[in-house]
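# Topology and contacts: notes
Now for the letters of each chain:
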Amino acid sequence: MNSTPSFIERLQASLADMQAKGTLKHERAFTGPQQVAVQAAGKELLNFCSNNYLGLADNPEVISAAKSALDKYGFGMASVRFIAGTQEQHLLLEEKIASLLGTQATILFPSCFDANGGVFEALLDESDAVISDSLNHASIIDGIRLCKAKRFRYANRDMADLEVQLQAAKGSRTILIVTDGVFSMDGYLAPLNQICDLAEKYGALVMVDDSHATGFIGETGAGTPEYFRVQDRIDILSGTLGKALGGASGGYISSRHPEIVNLLRQKARPYLFSNSVAPAVVAGTIKALELVSANPQLGRKTMENAKLFRSLMIENGFDILLGEHPIVPVMFSDEHLAVSMAKGLFDRGIYAVAFSYPVVPLGKARIRIQLSASHSDQEIRACVAAFVDARNSQ
Ligand SMILES: *Cc1c(COP(=O)(O)O)cnc(C)c1O
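Residues numbered from 1 in each chain as written. Predicted model: local features only at pLDDT ≥ 70, side-chain atom pairs only at ≥ 80, totals over all residues. Heavy atoms only, no water.

## With respect to helix α4 (residues 88–101)
We count it as follows: Think of it this way: any DSSP run of H or I at least four residues long counts as a helix, any run of E at least two long counts as a strand, and we number them from the N terminus. Expected helix span is given by 1.5 Å per residue-to-residue step, counting one fewer step than there are residues. Think of it in three bands: residues with accessible area under 20% of the maximum for their type are buried, residues over 50% are exposed, and the middle band is partly exposed, with areas taken using a 1.4 Å probe on protein chains only.
Relative to the 20 Å expected for 14 residues at 1.5 Å per residue, α4 spans 20 Å between its end C-alpha atoms, a close match to the ideal helical length. Looking at α4, one finds that the buried residues are Gln 89, His 90, Leu 93, Glu 94, Ile 97, Ala 98, Leu 100 and Leu 101. Positive backbone phi, approximately 70°, marks Gly 102, located one or two places after α4.

## Some points on the nonpolar core
We apply this condition: By nonpolar core we mean a set of buried residues, namely Ala, Val, Leu, Ile, Met, Phe, Trp, Tyr and Cys, connected to one another through side-chain atoms within 4.5 Å. Pairs of residues are marked as contacts when any of their non-hydrogen atoms sit within 4.5 Å.
Counting residues in hydrophobic clusters, the biggest one holds 51 residues, and the most contacted among them are Leu 162, Leu 166 and Ile 195. The element contributing the most residues to this core is helix α12 (residues 279–294), with 7 residues. Ignoring any residue separated from it by four or fewer positions in sequence, one finds Ile 195 in contact with Tyr 154, Met 159, Leu 162, Ile 177, Thr 179, Ala 190 and Val 206. Membership of the second largest hydrophobic core comes to 28 residues, among which are Leu 308, Met 341, Ala 342 and Ala 365.

## Considering the packing of helix α5 (residues 112–123) against helix α10 (residues 258–267)
When two helices pack together, their arrangement is given by the angle between the helix axes and the distance between those axes. So the rule is basically this: Orientation is described by lines fitted to C-alpha atoms, with helices fitted over the stretch in contact, and by angles between N-to-C directions that extend from 0 to 180 degrees. Convention used here: angles under 35 degrees read as roughly parallel, angles over 145 as roughly antiparallel, angles from 65 to 115 as roughly perpendicular, and any remaining angle as oblique. In the scheme used here, Gly and all other residues not listed as nonpolar or charged are polar, with Ala, Val, Leu, Ile, Met, Phe, Trp, Tyr, Cys and Pro taken as nonpolar and Asp, Glu, Lys and Arg as charged.
Relative orientation of the contacting elements α5 and α10 amounts to 100°, with a least axis distance of 10 Å. Taken together, the axes of α5 and α10 are roughly perpendicular relative to one another. Across from Gly 118, Val 119, Ala 122 and Leu 123 in α5, the residues of α10 making contact are Ile 260, Leu 263, Leu 264 and Lys 267. Looking at the contact of α5 with α10, its residues break down into 6 nonpolar, 1 polar and 1 charged.

## Concerning the sheet that holds strand β4 (residues 129–133)
Put simply, the rule reads: Two strands qualify as a pair provided DSSP detects at least 2 bridges between them.
Ordered by their spatial adjacency, 7 strands build an open sheet running β3-β11-β10-β9-β6-β4-β5, and the pairing between neighbours is mixed. A single partner strand is all that each edge strand has here, and the edge strands are β3 (105–109) and β5 (150–154). Mean inter-strand twist for the sheet, computed between neighbouring axes without regard to direction, equals 20°. Contacts from α10 reach β3, β10 (236–240) and β11 (251–255), with the element oriented near 30° to β3.

## Some details on the site of the ligand
Here is the rule: Residues are counted as near a molecule or strand when any one of their heavy atoms sits within 4 Å of it. Polar contact is defined as a pair of N or O atoms within 3.5 Å, subject to the rule that within protein one atom must be able to donate a hydrogen and the other to accept it, and that residues adjacent in sequence are counted only when both atoms are side-chain atoms. Methods summary: accessible areas were calculated by the Shrake-Rupley approach with a probe of 1.4 Å, and residue burial reflects only the protein chains presented.
Every one of the 13 residues lining the ligand counts as a neighbour, but Cys 112, Phe 113, Asp 209, Thr 240 and Lys 243 are closest to it. Within the backbone of Phe 113, one N or O atom sits 2.9 Å away from an oxygen atom of the ligand. Out of a free accessible area of 380 Å², the ligand has 82% covered by protein chains. Sort the elements by how many residues they give to the shell around the ligand and α5 lands first, with 3 residues. Taken together, the residues that form the shell around the ligand break down as 2 nonpolar, 8 polar and 3 charged.

## Describing the pairing of strand β1 (residues 37–40)
Every second residue of β1 is oriented toward a common face, the buried set being Val 38 and Ala 40 and the non-buried set Ala 37 and Gln 39. The pairing of β1 with strand β2 (residues 43–47) spans 4 bridges and is classified as antiparallel. Looking across to β2, one finds that Ala 40 is bridged to Lys 43.

## Things to note about the domain arrangement of the chain
Just so we agree on the cut-off: These domain boundaries are the output of an automatic or database domain assignment. By buried area we mean the combined loss of accessible area, with a 1.4 Å probe, across both parts when two parts are placed together. Take a side-chain nitrogen of Lys or Arg and a carboxyl oxygen of Asp or Glu: if they are within 4 Å of each other, that pair is a salt bridge.
Considered domain by domain, the chain is made up of domain 1 (24–53 + 296–392) and domain 2 (60–294). Computed over C-alpha atoms, the centres of domain 1 and domain 2 are 27 Å apart. Across the contact, 20 residues belong to domain 1 and 16 residues belong to domain 2. Carbon and sulfur atoms supply 60% of the area that domain 1 and domain 2 bury against each other, a total of about 1500 Å² over both sides. Our enumeration of links across domain 1 and domain 2 arrives at 1 salt bridge. A salt bridge links Asp 186 to Arg 366, with the shortest nitrogen-to-oxygen separation between them at 2.6 Å. For the interface between domain 1 and domain 2, the tally reads 6 residue pairs in polar contact (both at pLDDT 80 or more). Contributions of two or more residues to the side of domain 1 that touches domain 2 are made by α13 (296–315), β12 (327–332) and β15 (365–370).

## Some words on the side chain of Thr 224
Tracing the backbone through its elements, the reader meets Thr 224 in helix α9 (residues 224–227). Given the relative accessible area of 0%, Thr 224 is considered buried. Filtering out sequence-adjacent residues up to four positions away, Thr 224 remains in contact with Gly 181, Val 182, Leu 189, Leu 192, Val 208, Asp 210, Ala 213 and Ile 217.

## Brief notes about unusual backbone geometry
Here the amide bond leading from Tyr 357 into Pro 358 is cis, since omega sits at 10°, within 30 degrees of zero. Despite not being glycine, Arg 229 has its phi angle at roughly 55°, a positive value. Checked against the element boundaries, Arg 229 lands in the loop between α9 and β10.

## Some details on the confidence of the model for the chain
Cut-off, in case you're wondering: Values of pLDDT, the confidence the predictor places in each residue, fall between 0 and 100.
Put simply, the chain has an average pLDDT of 96, and 99% of its residues get 70 or more. Mean pLDDT values over the elements of the chain span from 91, in helix α1 (residues 4–21), up to 99, in strand β9 (residues 205–209).

## A look at the sheet that holds β15
The strand order β12-β15-β14 describes an open sheet built from 3 strands, whose pairing is antiparallel. The open sheet has two edge strands, β12 and β14 (353–355), and neither has a second partner. The mean inter-strand angle of the sheet, taken between neighbouring strand axes irrespective of direction, is 35°. As paired strands, β12 and β15 are joined by 6 bridges and run antiparallel to one another. Counterpart to Val 330 in the pairing with β15 is Ile 367.

Have a look at this one:
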């Protein structure tokens, strides 16, 4: 019996259901690079929803470094790292990441999704335990699923609950607490100082995924551990090259314990069985890291832009989630209002996306604005003016 037609019908029903519920996602195709001024649907737009925090995605020096690498190192690696996929520049990039983060060693992965997908299974087994924040990134959730360690979960940033879980995990050989450094839907930072205190009390290790922080949070851009002054207390860091650091692709695990990285090189499955990061991406990212180190004012500009946008929005009576991060959620109690406001912004030349249930809890719909060092004061004011104008037309 051929079951294909009924299977395809089920997929059609599933897609129709998403369409009816308004959760079907549509992609906007830009006609040029990732930058503040973009064109889509024949319209000029100011982009306020990318992870291009430092504006390095179209930086001329980054592009030029990537172009030179095409000539010097070719287009692709056609190999995983340990067979024929390591160029001298892959090792240099790993050193540069460790140097930014103040760690001892770094291992590159094809993406941060892969880094998180491979790290738990390689390091832990059924004798161990992982305690994970309930709002951690999907890749952490999947990575934990792939490993045999006992699983515990604590309510988002809830230190009392973390302590309950630490007590429940007692007796495990190794206990690893894992958290996002910054929670992407709220822009809230994980309280790493308190997490480290609890880890110390219970003899646990701490892992932080700092994808939304590396390059611009902390004085030198070393991320949330630097911000909370706990760099020497974090055991494992993961992060992406696909956001502030040029935004191309690639991820990493970095650690003050070289043994962790050495073991991952032997055992992490996405490292062993997926292709090496492309030469042009490696070279562009090395340049991005050099720019971050040479220009601390770049990260400061991102944070100042966030501050300006936040204060103007509060002045104009919008309900934003408070904080410092360039992720600024503008809250709407009504799901439809959030969607309609995003449409109103689009009509006024501002590109930002509305998130509603089930991506965020019911009644917590929002438009997530993300600031970049590349936004000018004028562009930020234009965005706020569009919010005000769109609200007046609701
Ligand atoms: C973006 C993100 C990832 C995924 O990074 P990729 O390199 O694009 O796979 C993982 N974790 C967190 C917290 C992220 O924000």
